[in-house]
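# Summary of structural features
Chain residues, written in single-letter form:
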Amino acid sequence: MQSYPAYVINRILTAVLSVFGAMLVIVILISLVPGDPATVLLGPLATPEYAQHFIAEMGLDQPVHVRLWRLAAGFAQGRLGTDVISGQSVNTIVAAALPHTFALAFAAMALACLVGIPAGVWSAVRKGSAGDTAIAMVSVVFVSVPSFILGIVLLVVFSIWLDWLPVLGLSPSASLRDAAIRMILPTVALALGWIGLIARLVRTSMLETLGQNYIRTARAYGLREGLVHYRYALKNAVIPTLAIIGMGFGRLLGGAVLIEIIFARQGLGSILYDALQARNFSVLQGTVFVVVVIFIAVNLLTELSYALFDPRIKFSRR
Amino acid sequence: MAGPLLEISDLRLSAGSGKGAAAILRGIDLALARGRILGIVGESGSGKSSLVNTIMGLTPPGLRAEGRIVLAGEDLLGLSPVRMRALRGHRLAMIFQDPMTALNPVFRIGTQLVDVIRNRHPGTVPAAVEAMAVEALGRVGLPDPGRRMRDYPGQLSGGMRQRVMIAMALVCRPELLIADEPTTALDATIEAQIIDLLRRLRHDFQGSIIFISHNLGTVMQLCDEVAVLYGGHLVESGPVRAVLRRPLHPYTRALVGCEIDDRPVDAPLAFIPGKVPETTERPGGCIFADRCAYAAAPCRTTAPRLAAQGDDRRAACLRLGELP
């Protein structure tokens, strides 16, 4: 086992390497996307000379290694590129959209933890009961139905049939209350799958933990069952779940992209979708890069935060 | 107070029913006076741990306990789970076999002790609770107890963790302390330290102790009385020196004979042939007959009863009078 500082350095180096790897993959994938941006953007009537000029401006006439180098050099200086169509900096475009996507993803993850963790503990403690079975069935449905379908169902039921909640979009006014109300459906749609997954994971993990000797010790000293479950067992049981939540955050961002499109919310999702439709590669690669960096950073933070929950990692050297 | 602290009569522990039913304890009768230390010995699978877990009310669900376990006039088997929980950590406390896993790895030692003390002495101010915890750690010989409070179990050695477990038991001031093989998982030198600690602590500890061990030497050093368990039966009990020096029951004799002593190295080691009976076996006669060197025909048909042998000893064997 390595010491905690060595562990931290190791994780950070791995993360940096992952970012470079991701950049390579972005450039290669973009060179494989069918459809020539010049044809899509300029239309069939553009002159070959102008199309050529356009391709050169986007840097697409260069070989892959040159494009990778330019991209890496720009990213390293914090420049994500320039949108050749609007002339805007990609940094500006992404910065405007990021808060919306983050708000949605964090709200969904928070909701998923707030509901999923107690549901998992509850079913583990009442293993085999009717309530446990019910939670298991609902969880499986939530996990197996994709979030965009759940989103559409929620939209139809709560906005159209019941007319309880606004249908689409971000708040037109600056009212925080209105913005919050418009967050409800997308958040729930995104969170449901995670509620199911977290409930299942916590249940399994709790059942294993409840069989451990230290739980018997806590009971042998007459501690209340609530204390045994939610304090002594849960802190142990949540460690493996934490890893899944951290890794899942990337998938959550992916889900947020779809949900943003369904609910017509601005965010990284709508940027990526529009950029892909238009073969607007400069915006596409800059935005994908940001998503990748967020994903890797969240994974890194997850791994480093284990030590907060699990002192065995921090002190394994002693 | 008159009468023993703990009186167990015809205690049976079983699982399932019909042909596959398992009998883990097959009718145990046992009494323990206040302030005494009772050793329980026997091979693995003889029911030692099952017996103490049943006393603690910590048997896994699905097991059925019948008979009586009377602690200071109260039958533990008749108590509600809530009442039983109230006894644990107050009148009953337990030290476990494996100190590496008995403490919660993700909470500080101090936190775990404080939770136990707050449960035992509700309403105590936090500073006093903290002081009690530090004092208890000091009493079990943990150096620098104030700082150890902030350690996680992973930062302590096995011996140190077992001291923490003993401290946890002592702050409860239980009437009955159960120690289930507290030294089995430790190195020999650490084992000696822990036994020494228990011997010193018994002077200021008022309650009774049940001490389970594989090591007859340790039992001899620490205990006043000993009970020998075999296949869920109590086969012999009495004062520790008398029983281990002059065992009556053939199983106790064999067990004592298995102790490694200073015989020449080329002499074959003694062992008991065969193995402990399965819990699903239901022999008509003596539970030990299959492995007994002295078994005769009646041993296979008649089950011996635990009978008094002199003033303070009991043994369950049909042929006691005829044995050499």
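Here is what the cut-offs are and how they apply
- Counting restarts for each chain: residues are numbered from 1 in the order of the written sequence.
- The order in which chains are written sets their letters, starting at A; the order in which ligands are written sets their numbers, starting at 1.
- Totals for whole chains, interfaces and linings use all residues, but because this is a predicted model, local features are given only for residues with pLDDT of at least 70 and pairs of side-chain atoms are given and counted only at 80 or more.
- In computing side-chain properties, one takes all heavy atoms of the structure into account and sets aside hydrogens as well as water.
- Strands here are runs of E lasting at least two residues and helices are runs of H or I lasting at least four, both read from the DSSP assignment and numbered beginning at the N terminus.
- Type-normalised accessible area, obtained with a 1.4 Å probe on protein chains alone, sets the label of each residue: buried when under 20%, exposed when over 50%, and partly exposed for intermediate values.
- Here, two residues are considered to be in contact whenever any of their heavy atoms come within 4.5 Å of each other.
- Each accessible area value is a Shrake-Rupley result obtained with a 1.4 Å probe; residue values ignore everything except the protein chains displayed when judging cover.
- We count Lys and Arg on the positive side and Asp and Glu on the negative side, and we leave His and both chain ends out.
- Every charge is mapped onto a representative atom, which is NZ of Lys, CZ of Arg, CG of Asp or CD of Glu.
- Whether two strands pair depends on DSSP finding at least two bridges between them.
- Working convention: axes come from line fits to C-alpha atoms, limited for helices to the stretch in contact. Angles between N-to-C directions cover 0 to 180 degrees.
- Every residue is assigned a pLDDT by the predictor, reflecting its confidence on a scale from 0 to 100.
- A helix is expected to span 1.5 Å multiplied by its residue count minus one.
- Here the bend at a residue means the angle between the axes of two seven-residue stretches, the one that ends at it and the one that starts at it.
- By the criterion applied in these results, polar contacts are pairs of N or O atoms within 3.5 Å in which, for protein atoms, one can donate a hydrogen and the other can accept it, and in which residues neighboring in sequence qualify only through two side-chain atoms.

Now for the overall build of chain B. Helices and strands together make up the secondary structure of chain B, namely 11 helices and 12 strands. Viewed in the frame of its principal axes, chain B has a C-alpha envelope of about 70 × 50 × 40 Å. Out of the 324 residues in chain B, the part that is buried amounts to 50%. Considering only contacts in chain B between residues 6 or more positions apart, those separated by 24 or more positions represent 67%. Summing over all exposed atoms, chain B offers an accessible surface of approximately 14,500 Å²; the carbon and sulfur share of this is 53%. Side-chain charges of chain B comprise 38 positive and 33 negative groups, with the mean position of each set lying 3 Å from the other.

Glancing now at the overall build of chain A. Helix and strand counts for chain A come out as 13 helices and 0 strands. Order of helices (α) and strands (β) in chain A, N terminus to C terminus: α-α-α-α-α-α-α-α-α-α-α-α-α. In chain A, buried positions account for 44% of the 318 residues. Residue pairs in contact within chain A that sit at least 24 positions apart in sequence constitute 73% of those at least 6 positions apart. Looking at chain A as shown, the accessible area adds up to about 15,900 Å², and 69% of this sits on carbon and sulfur atoms.

With that out of the way, let us pick up the sheet that holds strand E5 (residues 74-75) of chain B. Residue and element names in this part refer to chain B. The 4 strands are arranged E2-E1-E4-E5 in an open sheet whose pairing can be described as antiparallel. Lying at the two open borders of the sheet, with one neighbouring strand each, are strand E2 (22-32) and E5. Alignment of strand E4 (residues 63-71) against E5, held across 2 bridges, turns out to be antiparallel. Among the inter-strand pairings, Val 70 is bridged to a residue of E5, identified as Asp 75. Running over the sheet, helix H1 (residues 48-56) touches strand E1 (6-15), E2 and E4 and is turned about 110° from E1.

Overall, the prediction assigns chain B a mean pLDDT of 88, with 96% of residues at 70 or greater. Across the whole predicted complex the pTM is 0.77, and at the interface the ipTM reaches 0.86.

Residues and elements named next belong to chain B. Read from one edge to the other, the open sheet built from 8 strands follows the order E6-E7-E8-E3-E9-E10-E12-E11, with strand pairing classed as mixed. Across the chains shown, the open sheet's two edge strands, defined by having one partner strand only, are strand E6 (92-95) and strand E11 (307-309). Taken pair by pair, the neighbouring strands of this sheet meet at an average axis angle of 20°, ignoring direction. Bridge count for E11 against strand E12 (residues 313-315) is 3 bridges, and the pairing is antiparallel. In the sheet register, Ala 308 faces E12, and the bridge partner there is Arg 314. Sheet strands in contact with helix H11 (residues 250-257) are strand E3 (37-41), strand E9 (225-230) and strand E10 (233-239), and its direction is about 105° off that of E9.

Turning to helix H5 (residues 90-125) of chain A, a few remarks are in order. Residue and element names in this part refer to chain A. Taking 1.5 Å of rise per residue, the 36 residues of H5 would be expected to cover 52 Å, and the 50 Å separating its terminal C-alpha atoms lies within 8% of that figure. If you look at H5, its biggest bend is around 35°, right at Leu 98, and the proline Pro 99 turns up within four residues after that. Regarding H5, its N-cap is Ser 89, as a side-chain oxygen of that residue lies 3.0 Å from the backbone nitrogen of Asn 91 further along.

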